[in-house]
Each structure stands twice: as C-alpha cells, then as structure tokens.
Amino acid sequence: MSQKYITYIIFVATLFSSSLIAQKPVVVSSATMFTDMVKNIAGDLVTTETIVPIGGDPHLHTPTPRDAKLVKSADLLMLNGLTFEGWINELIENSGTKGKTIMITEGVDPISSDTYKNSTDPHAWMDLANGRIYIKNIAKALKELDPANASTYEANYKSYDQQLADLDAYVIEKIKEIPKEKRILITSHDAFKYYGKRYGIRLEAIQGISTDSEIQTSDIKRVSYTIKRYEVPSVFVESTINPKQLKLIASDNGAIIGGKLYADSLGDKDSPAATYLDMIKSNTNTIVAGLSAGATDKSEEVGIENKGGKSNLILYGIMGLLLLGGMLFLIKKLS
Ligand SMILES: [Zn+2]
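Residues numbered from 1 in each chain as written. Predicted model: local features only at pLDDT ≥ 70, side-chain atom pairs only at ≥ 80, totals over all residues. Heavy atoms only, no water.

A. Main features of a nonpolar patch on the surface. Together, Leu321, Leu323, Leu324, Met327, Leu328 and Ile331 line one region of the surface with nonpolar side chains, adding up to about 660 Å² of accessible area. Taking relative accessible area as the criterion, leucine 321 reaches 61% and is therefore assigned exposed. (Patch = residues over 30% accessible without salt bridge, like charges linked within 9 Å, V, L, I, M, F, W, Y side chains within 5 Å. Areas by Shrake-Rupley, 256 points an atom, 1.4 Å probe, with all protein chains shown as cover. Salt bridge = Lys/Arg side-chain N within 4 Å of Asp/Glu carboxyl O. Buried < 20%, exposed > 50% of the residue type's maximum accessible area, 1.4 Å probe, protein only.)

B. Structural view of the side chain of threonine 286. Relative to the helices and strands, threonine 286 resides in helix α10 (residues 276-291). Threonine 286 sits in the buried class, given a relative accessible area of 16%. The residues contacting threonine 286, other than those within four sequence positions of it, are Phe236, Gly258, Gly259, Lys260 and Leu261. (Helix = DSSP H or I, 4+ residues; strand = E, 2+ residues; numbered from the N terminus. Contact = heavy atoms within 4.5 Å.)

C. Looking closely at the side chain of glutamate 238. Following the sequence through the fold, glutamate 238 ends up in strand β7 (residues 234-238). No salt bridge is formed by the buried glutamate 238, whose closest oppositely charged neighbour, lysine 260, lies at an N-O distance of 12 Å. A distance of 2.6 Å separates a polar atom in the side chain of glutamate 238 from a polar atom in the side chain of histidine 189. Setting aside chain neighbours within four positions, we find glutamate 238 in contact with Thr187, Ser188, His189, Ala191, Phe192, Lys260, Leu261 and Ala263. (Lys, Arg positive; Asp, Glu negative; His and termini not counted. Polar contact = N/O pair within 3.5 Å; in protein donor to acceptor, adjacent residues only side chain to side chain.)

D. Representation of the pairing of strand β5 (residues 184-189) within the structure. Of all 6 residues in β5, 6 are buried; the element is thus mostly enclosed. Read from β5 through helix α7 (residues 193-199) to strand β6 (residues 202-207), the crossover connection turns out right-handed. (Right-handed = clockwise from strand over helix to strand, strands pointing away.)

E. Layout of the coordination of the zinc ion. Binding of the zinc ion to the protein goes through His59 (NE2), His123 (NE2), His189 (NE2), Asp264 (OD) and Asp264 (OD), at separations of 2.0 to 2.7 Å. Sequence spacing among the residues donating to the zinc ion works out to H-x63-H-x65-H-x74-D. Of this pair, histidine 189 sits in strand β5 while aspartate 264 sits in the loop between β8 (256-261) and α10, and the two are 75 residues apart along the sequence. Judged by relative accessible area, which is 1%, aspartate 264 ranks as buried. (Donors = N, O, S within 2.8 Å, 3.2 Å for Na, K, Ca; no water.)

F. View of the nonpolar core. With 71 residues, the main nonpolar core has Trp125, Tyr195 and Tyr276 as its most contacted residues. Setting aside its immediate chain neighbours within four residues, tyrosine 195 contacts Met126, Val171, Ile175, Gly200, Ile201, Ile280, Thr284 and Ile287. (Core = buried A, V, L, I, M, F, W, Y, C linked by side-chain atoms within 4.5 Å.)

G. How the structure looks around helix α2 (residues 32-42). Most of α2 sits inside the fold, with 9 of its 11 residues counted as buried. For α2, the complete set of buried residues consists of Thr32, Met33, Phe34, Thr35, Asp36, Met37, Val38, Ile41 and Ala42. For α2, the elements touching its buried residues are β1 (26-29), β2 (47-50), β3 (76-79), α5 (128-145), α6 (150-175) and α10. Of the residues one or two after α2, glycine 43 is the one with positive phi, at around 55 degrees.

H. View of the sheet that holds β1. Read from one edge to the other, the open sheet built from 4 strands follows the order β2-β1-β3-β4, with strand pairing classed as parallel. Of all the strands in the sheet, the pair left with one neighbour each is β2 and β4 (100-103). Going from strand to strand, the sheet's axes swing by 25 degrees on average, the running direction of each strand aside. In terms of strand pairing, β1 meets β2 through 4 bridges, oriented parallel. Across the sheet, serine 29 pairs through a bridge with threonine 50, a residue of β2. Docked against the sheet, α2 engages β1, β2 and β3, running at close to 170 degrees with respect to β2. (Pairing = 2+ DSSP bridges. Axes fitted to C-alpha atoms, helices over the stretch in contact; angles between N-to-C directions.)

In structure tokens:
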C-alpha cells in the first residue's frame, strides 16, 4: 500500500469520525408543546423534531412514512402517555427505532376518564404544576443521554422551571378576576380538567377527553342547560377543532365566542401561543376576558361566520344587484 493511499484513508476516516462526533442527539416529541419544553432545556445541543405538526390533532393522528423515519432517527422519544398517543406503539414497532422512550408524565397524578373505564385524561400539561414535572423528566432524560452537557441542561432546567412557577402564580391570581359564579369554562373537547382542577374553574365540554367520539344530542342539551342556568357569557373554541357545533350551541343560548384556546397543539410562531408558556398565558387571558363583565364576541377574530352577520349581508347585496341587473335587461329587451 502506498504512503499516499494510507494518508488518504486516514484523512477520510478522520472526516467520518469527526462528522459522527459533531452529530447532535435527535429528540423526537409527539406534540409541539413537548418539543418546546425540550428546546428550552436543551437549546441547540440537540436536534428537536415533532411527530404531530402545529395545528394537528394528536388524538386523531394517522402516522405517515415520514413519522416512521423520524421515530427511527430518535435517540430519545418524548411521549405524554396517559392514552394521548393511541397510535404510537404501532409506529414505534414499525419504525425499528433503537431510541429510548421517555414518559414525560411520570410522577403526575392522573385524572381518570368519565367516559372510558380504566382510561386517563391525557391533558396534564394544562396544569403548570404538572408542567414542572414534565420538564423535570425531560431534563433527567437529556442529562442521561448526554452527560457531557449535563450542567448546561441542569442550569437551563432551573431557570425554565422558575418561569413555569412564576406563570403558575400569575394564573392563580388572574383567575380571581372572574366573578366566582362565572368560573365555568365551556369548550369543544374536555382538555381543561387539569387546568380547572388547579385554578378553580368548573368544566363543561361538548366532547369528551378525546376528539374521536361523536357528539350526542345529550351533550348538546347538557351544555345548553349550563349556559342558560348559569348565564355563562362566553364559550371558547379550540385551535385544533372545528368550531361549528360549539358556535351553534352558543348562539342558540345567548352566549358569545370568547376566543380561541390552545390545548393539544401550540399555535404558529405569529400566534399568541407559540410556546408552552405563551399557550397557558394566552388561554388564561382569553378565559378571564371572556368570563368577566364586558366580554366581547371574538367570532370574527377566530374565523367563524356569524349567522346573519356581515358575510350574509354582502351575499344578499350581490344577489340583489344581480336581480336588479336582470330586471333592467328584461325591461330593455321588452321595450
Ligand atoms: Zn385533547
């Protein structure tokens, strides 16, 4: 073997090994709010990926070949569990991943489901005290995966944890602005039980803890009754769910749309819920404004057509003009 050839092999081997060293660990999360938590603790020390994209509904997600590739590439897989990602086991199996699966809800006290026996409510992140457990689990997993950077993860975790604690205190105080008898939160699906439990709000939703169930007439009757009985001023639509049904119930019972809440996904980067912390803060501010005196209808802001509203007026106007034009044409023809 010539000297030149050996030098070449050493050069390629060095390049290859340094590219391996430079490769960051890949952390794949099931939903956008968990990816944001990972980013806050890991910064750019890891590559973060999300299975269900922004605005997607994790309850109803259908895994794609892209998801299988993502999961296969994962060093860590961050999952909520508690029946949130019903499709994940099959995806993990099919992907052939060697990554480690982390249940970031470990240590959370789960709320059991009213609808399904032996099932739990997955939406534990909506309570910031639980959020602090999530990020503790995430920090622990990152330190184990990458011990060389453990002190950075720990420092980031500590300051992020303080931000969660501060926001928790903010929410507790903010909710007090709603008159006690008006602390009733009506939404599309039951994603706010943990939130309601921690911050003292009664919950009512037209769908259960998952979005895969059909809405029953009895659900509509139950929610309608609550709106009328307690004179609930506003109900709230969700960013991942079609608001049509809820809007109908609201207008039939004299309530308005108090705004859009984010439960199962963050909003896009220009939305008020681009991060986990902003999501909880935005939800809280929307809920407080909607349930306090002087609440205003946010239907237009969240893109819901009002019955007999502006859009219908425009339509009638156009129809009227067409009719008038037709008549003028006919008159001219006849004369
Ligand atoms: Zn949900």
